[in-house]
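# Examining the three-dimensional arrangement
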Amino acid sequence: MASPPDTSKSTKLERYNSYIRRVNSTKLLAASSKLLFRLTLLVALVLLFFFTLNYPPPLSADTTKDHRHPHRHLRTTSHNFFSSAFYGSGAAWEKQVRHSSTPRRPNGFSVLVTGAAGFVGTHCSLSLKKRGDGVLGLDNFNPYYDPTLKRARQNLLSKHQIFVVEGDLNDNVLLAKLFDIVPFTHILHLAAQAGVRYAMQNPQSYVNSNIAGFINLLEVAKSADPQPAIVWASSSSVYGLNTQNPFSESHRTDQPASLYAATKKAGEEIAHTYNHIYGLSITGLRFFTVYGPWGRPDMAYFFFTKDILQGKPINIYETHDGKPVARDFTYVDDVVKGCVGALDTTRKSTGSGGKKRGPAQLRIYNLGNTSPVSVAQLVGILESLLNVKAKKHVIKMPRNGDVPFTHANVSLAYKDFGYKPATDLATGLRKFVRWYVSYYGIESRVKKENTTTKNAHTDSQ
């Protein structure tokens, strides 16, 4: 009779396999628990970082009184590692911000200048700093034109102890942080997407900067305590298809000829709204074709100079009925005086904590030269200064949003803060050309040509 099969080995093997499965299950459960814990911790840290950036800690009053305003306590924030690291170098960055914005004269202003590395922004910042006001710049250094020129302006400002924060108007967290650090008395808002023709290529950039960015700045300003007074740059472009001359602040501005003009007109209406609801003191300035040293390369006088020196042809526009195109060219120093005059005559905003306490100042002014000059005359002056004959093509003005004529009536600005332009186009262009040839390293060539011209003139006498 056969013996029964030996099952002891298979039983032991099954027990061993069962043991291994239990051990592996235990290890898997432990590993899964650790992974879940780490993922939970990571999510918590991400949420903490998000809420830290978007919901800054409550403000606390410092026991040290502000030496500029003896009855106002300085507001400070608890040190926030994440936001400080994100926007700068922590305490060192905040120290730069405070130092730059602290006035050096009695009763001096503390001014936030947006677009500080821009053309007009640089000149205004230098003027305010020179007289002892505190100036903090803000600029996003966008590539609309060569950013190296903006960086050069930034270096110029740095030499005069003016710090420019690199950031965007639409970054409300950054703006709120700056207002937490500094109790600004004034905002000089010059940041904008400029240029009439570029709006046909990139319309959204005008909405983002000139409308959304302006609203974001006003939102932060309305909640500040104290609320700052605001002076901002509108444009002569708002007059659009207006045919009355010279352009006066009382003339209609509801027929913009370009998207750029429309966004500036929208800015004026937005300013009215925030003044009416929140008590912000707001002054708008309509600039008329500003030119001068450190100017914008997209402006005609600038690229005409470049093309004339390089022997390239230039286009001179005329209207479709054969009339010359003319502009009220305004030298930058005159515009700076207008900006400073507007700042000096602002009244305080009347709101507090986002609530209006009484009627607030709302103004709009033209800042022009009051003497329109044709583009052909401008080219003639440049030819004389550069001692180079331009290769001119006279063509009909394209329908791209430009207007054929501008002429400023500045009597209101003269009446309210003594604005009086003092620089004619020939004098202003001479200063611009002197800067241009020096900045771009072609001074020796122009000097040589001018010397040759002078010698020839002397020999003929």
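Further up the page is the structure itself.
So, here's what we can say about the structure. Values in this document were obtained by computation on a predicted structure and should not be read as measured data.

Across its full length, the protein carries 14 helices and 17 strands. For the protein, the proportion of its 461 residues judged to be buried stands at 48%. A separation of at least 24 residues holds for 81% of the contacts in the protein among residues at least 6 apart in sequence. For the protein, the exposed surface amounts to about 23600 Å²; the carbon and sulfur share of it is 57%.

Turning to the pairing of strand 6 (residues 186-189), a few remarks are in order. Residues of strand 6 alternate between two faces, with H186 and L188 on one and I187 and H189 on the opposite face, all of them buried. In the sheet, strand 3 (residues 110-114) pairs with strand 6 via 4 bridges, with the strands oriented parallel. Pairing of V113 across the sheet is with L188, part of strand 6. Two elements, strand 6 and strand 7 (residues 229-235), share 4 bridges in a ladder whose sense is parallel. Residue H186 lies in a different strand from strand 7, and its bridge partner there is A229. Once you follow strand 6 into helix 7 (residues 203-223) and on to strand 7, the crossover reads as right-handed.

This next bit is on a positive patch on the surface. Taken together, K337, R430, K431 and R434 make up a surface patch of like positive charges. The element that contributes the greatest number of residues to the positive patch is helix 13 (residues 425-439), accounting for 3 residues. For R430, the position within the fold is in helix 13.

Turning next to the side chain of D328. Note that D328 resides in the loop between strand 11 (326-327) and strand 12 (330-331). Buried within the structure, D328 lacks any salt-bridge partner; its nearest side chain of opposite charge belongs to R327, at an N-O separation of 10 Å. A polar contact is formed between the side chain of D328 and the backbone nitrogen of N369, at a distance of 3.2 Å. Residue contacts for D328: discarding those within four places in its chain leaves F288, T289, G368, N369, T370, S371, P372, T406, H407 and A408.

Among the nonpolar cores identified, the biggest contains 72 residues, and L188, F287, Y301 and L378 are the most heavily contacted of them. Not counting the four nearest positions on each side in its chain, L378 is found in contact with Y301, F304, F329, V373, L425 and L429. With 31 residues, the next largest nonpolar core counts V97, V165, V182 and Y274 among its residues.

Turning next to the packing of helix 9 (residues 300-309) against helix 13. Two numbers describe how helix 9 lies on helix 13: the axes approach to 11 Å, and their chain directions differ by 55°. Judged on the interaxial angle alone, helix 13 and helix 9 are oblique. The crossing of helix 9 and helix 13 is right-handed. Across the interface between the two elements, Y301, F302, T305, K306 and L309 of helix 9 pack against L429, F432, W435 and Y436 of helix 13. Per-class residue counts for the contact of helix 9 with helix 13 are 7 nonpolar, 1 polar and 1 charged.

Another aspect to go through is empty space enclosed by the protein. Per the stated rule, a full pass over the model turns up 1 cavity of 30 Å³ or more. A volume near 50 Å³ is recorded for the largest cavity. Considering the residues around the largest cavity, the lining is formed by H189, A191, A192, S209, N210, F214, W232, A233 and K264. Going through the elements one at a time, helix 7 and strand 7 are the ones with two or more residues in the lining of the largest cavity. A total of 3 residues in the lining of the largest cavity trace back to one element, the largest contributor, which is helix 7. Among the residues making up the lining of the largest cavity, the classes are represented as 5 nonpolar, 3 polar and 1 charged.

For the structure shown, the criterion picks out 0 disulfides. Its sulfur unpaired, C124 is 3.8 Å from the next cysteine sulfur, which belongs to C339. Given the relative accessible area of 0%, C339 is considered buried.

With that out of the way, let us pick up a nonpolar patch on the surface. A cluster of nonpolar side chains, L35, L39 and L42, forms an exposed patch at the surface whose accessible area comes to about 290 Å². In this fold, L42 is placed in helix 1 (residues 8-54).

Below, the discussion takes up unusual backbone geometry. D225 connects to P226 through a cis peptide bond whose omega is 10°. Residue placement: P226 occurs in the loop between helix 7 and strand 7. Here the residue pair N245 and P246 is connected by a cis peptide bond, since its omega of -10° sits within 30 degrees of zero. With respect to the element layout, P246 can be found in the loop between strand 7 and helix 8 (259-278).

With 12 residues, helix 11 (residues 375-386) should cover 16 Å at 1.5 Å per step; its first-to-last C-alpha distance of 16 Å lies within 8% of that length. Those residues of helix 11 that sit buried are V375, L378, V379, L382, E383, L385 and L386. Taken down its axis, helix 11 places every buried residue within 165° of arc, on the same side. Phi turns positive, to about 55°, at N387, one or two residues after helix 11.

Pairing within the open sheet is parallel, and its 7 strands lie in the order 5-4-3-6-7-8-15. A strand with exactly one partner marks an edge of an open sheet, and here the two such strands are strand 5 (163-166) and strand 15 (362-367). Put simply, the sheet's adjacent strands are angled 20° from each other on average, direction ignored. Where strand 8 (residues 282-287) lies against strand 15, 6 bridges are found, and the strand directions are parallel. Its bridge partner lying in strand 15, G284 is registered against I364.

Thresholds, definitions, all that
- Going along each chain's sequence as written, the residues are numbered from 1 onward.
- This being a predicted model, a pLDDT of at least 70 is required before a residue's local features are given, and a value of 80 or more before pairs of side-chain atoms are given or counted; all residues contribute to the totals for chains, interfaces and linings.
- For side-chain calculations, the full set of non-hydrogen atoms in the structure is used, while hydrogens and water are omitted.
- Helix and strand assignments follow DSSP, with helices taken as H or I runs no shorter than four residues and strands as E runs no shorter than two, numbered in order from the N terminus.
- Each residue gets one of three labels from its accessible area relative to the maximum for its type: buried under 20%, exposed over 50%, partly exposed in between, using a 1.4 Å probe on protein chains only.
- Any pair of residues with heavy atoms lying within 4.5 Å of one another is described as a contacting pair.
- Here the open area of atoms and residues is found with the Shrake-Rupley method and a 1.4 Å probe, where only the protein chains shown may cover a residue.
- Between any two strands, pairing holds if DSSP finds at least two bridges.
- By convention a crossover is right-handed if, when the strands point away from the viewer, the path from the first strand over the helix to the second runs clockwise.
- To count toward a patch, a residue needs a relative accessible area over 30% and no salt bridge; like charges are then connected within 9 Å, while nonpolar side chains (Val, Leu, Ile, Met, Phe, Trp, Tyr) are connected within 5 Å.
- By definition here, a salt bridge exists when the distance from a side-chain nitrogen of Lys or Arg to a carboxyl oxygen of Asp or Glu is within 4 Å.
- We count Lys and Arg on the positive side and Asp and Glu on the negative side, and we leave His and both chain ends out.
- Working definition for charges: the position is that of NZ of Lys, CZ of Arg, CG of Asp or CD of Glu.
- Definition of a polar contact: a pair of N or O atoms within 3.5 Å, with one able to donate and the other able to accept a hydrogen when the atoms are protein atoms, and with sequence-neighbouring residues admitted only if both atoms are side-chain atoms.
- As used here, the term nonpolar core means buried Ala, Val, Leu, Ile, Met, Phe, Trp, Tyr and Cys residues forming a set that is joined through side-chain atoms within 4.5 Å.
- Axes here mean lines fitted to C-alpha atoms, for a helix over just the part in contact, with angles spanning 0 to 180 degrees between N-to-C directions.
- Note on terminology: angles under 35 degrees are roughly parallel, angles over 145 are roughly antiparallel, angles of 65 to 115 are roughly perpendicular, and the others are oblique.
- Less than a right angle of anticlockwise turn of the near helix away from the far helix marks a crossing as left-handed, whereas a clockwise turn marks it as right-handed.
- Amino acid classes used here: Ala, Val, Leu, Ile, Met, Phe, Trp, Tyr, Cys and Pro are nonpolar; Asp, Glu, Lys and Arg are charged; the rest, including Gly, are polar.
- Method remark: on a 1 Å grid restricted to protein atoms, a set of points is classed as a cavity if a 1.4 Å probe fits but cannot get out and as a pocket if it is open with protein on both sides within 12 Å along at least five of seven lines; lining residues have an atom within 4 Å of a point.
- Grid points are joined across faces, edges and corners, and a volume is the space filled by probe spheres set on the points.
- Cysteine sulfur atoms that pair up within 2.5 Å are treated as a disulfide.
- Every helix has an expected span of 1.5 Å times one less than the residues it contains.
- Here the arc refers to the set of directions running from the helix axis out to each C-beta atom.

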